[in-house]
Amino acid sequence: MDKQETPQKHPLAETFERVWSQALLAVSTAEEEAARTVQRVAGLAGWSPEEMIRQARLLTERLAGQRKDLEHNVEEGVRRALVHFKIPRRDEMQDIEARLIRLAERIEALGQRK
């Protein structure tokens, strides 16, 4: 591996990355809209600044938990889908690369003995 090449992404991986990015964007947009809604509700309900902060904190905690659940569910779904394609995981690829490097070093050492 003398050349510095950027690895080509697999079309399936690109698709999953794009879908994941879109899902995160949708969640972020929903969080922003929720924050704006809390501001409007606070104004209409006549909440004190302290009550508004408390309500916003509760909503933020719920949204964070739901976002974490969504991320986990998407990641788990992608993982289950990829199992069927038998695509090696990153750590498996790193193990293979390390083995290839060790083999190349051994071959080079054998070549230098002659």
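Residues numbered from 1 in each chain as written. Predicted model: local features only at pLDDT ≥ 70, side-chain atom pairs only at ≥ 80, totals over all residues. Heavy atoms only, no water.

A. Quick look at the overall build of the chain. When its secondary structure is counted, the chain shows three helices and zero strands. Ordered by position from N to C terminus, the α and β elements of the chain give α-α-α. With the C-alpha coordinates of the chain rotated into their principal frame, the extents come out at 90 × 30 × 20 Å. Looking at the chain as a whole, 4% of its 114 residues are labelled buried. Taken as a whole, the chain presents about 10200 Å² of accessible surface, with 57% of it coming from carbon and sulfur. (Helix = DSSP H or I, 4+ residues; strand = E, 2+ residues; numbered from the N terminus. Buried < 20%, exposed > 50% of the residue type's maximum accessible area, 1.4 Å probe, protein only. Areas by Shrake-Rupley, 256 points an atom, 1.4 Å probe, with all protein chains shown as cover.)

B. Examining a nonpolar patch on the surface more closely. A cluster of nonpolar side chains, namely Met93, Ile96, Leu100, Leu103 and Ile107, defines an oily patch on the protein surface of about 480 Å² accessible area. Tracing the sequence through the fold places Leu100 in helix α3 (residues 90–113). (Patch = residues over 30% accessible without salt bridge, like charges linked within 9 Å, V, L, I, M, F, W, Y side chains within 5 Å. Salt bridge = Lys/Arg side-chain N within 4 Å of Asp/Glu carboxyl O.)

C. The pattern of salt bridges, seen in detail. Evaluation of the coordinates by the stated rule reveals four salt bridges. A salt bridge links Arg36 to Glu33, with the shortest nitrogen-to-oxygen separation between them at 2.7 Å. Here Arg36 and its partner Glu33 are both found in helix α1 (residues 11–45), three residues apart, which amounts to about one turn of the helix. Take Arg36: its relative accessible area is 41%, and that puts it in the partly exposed class. What makes Glu33 partly exposed here is its relative accessible area of 33%. A salt bridge links Arg67 to Glu71; the shortest N-O distance between them is 3.2 Å. Of this pair, Arg67 and Glu71 both sit in helix α2 (residues 49–85), separated by four residues, roughly a single helical turn. Using a relative accessible area of 21% as the deciding quantity, one classes Arg67 as partly exposed. For Glu71, a relative accessible area of 25% gives the class partly exposed.

D. Spatial organisation of the confidence of the model for the chain. Looking at the chain, the pLDDT average stands at 79 and 90% of residues meet or exceed 70. When mean pLDDT is compared element by element in the chain, α3 scores highest at 91, while α1 scores lowest at 78. (pLDDT = per-residue confidence, 0-100.)

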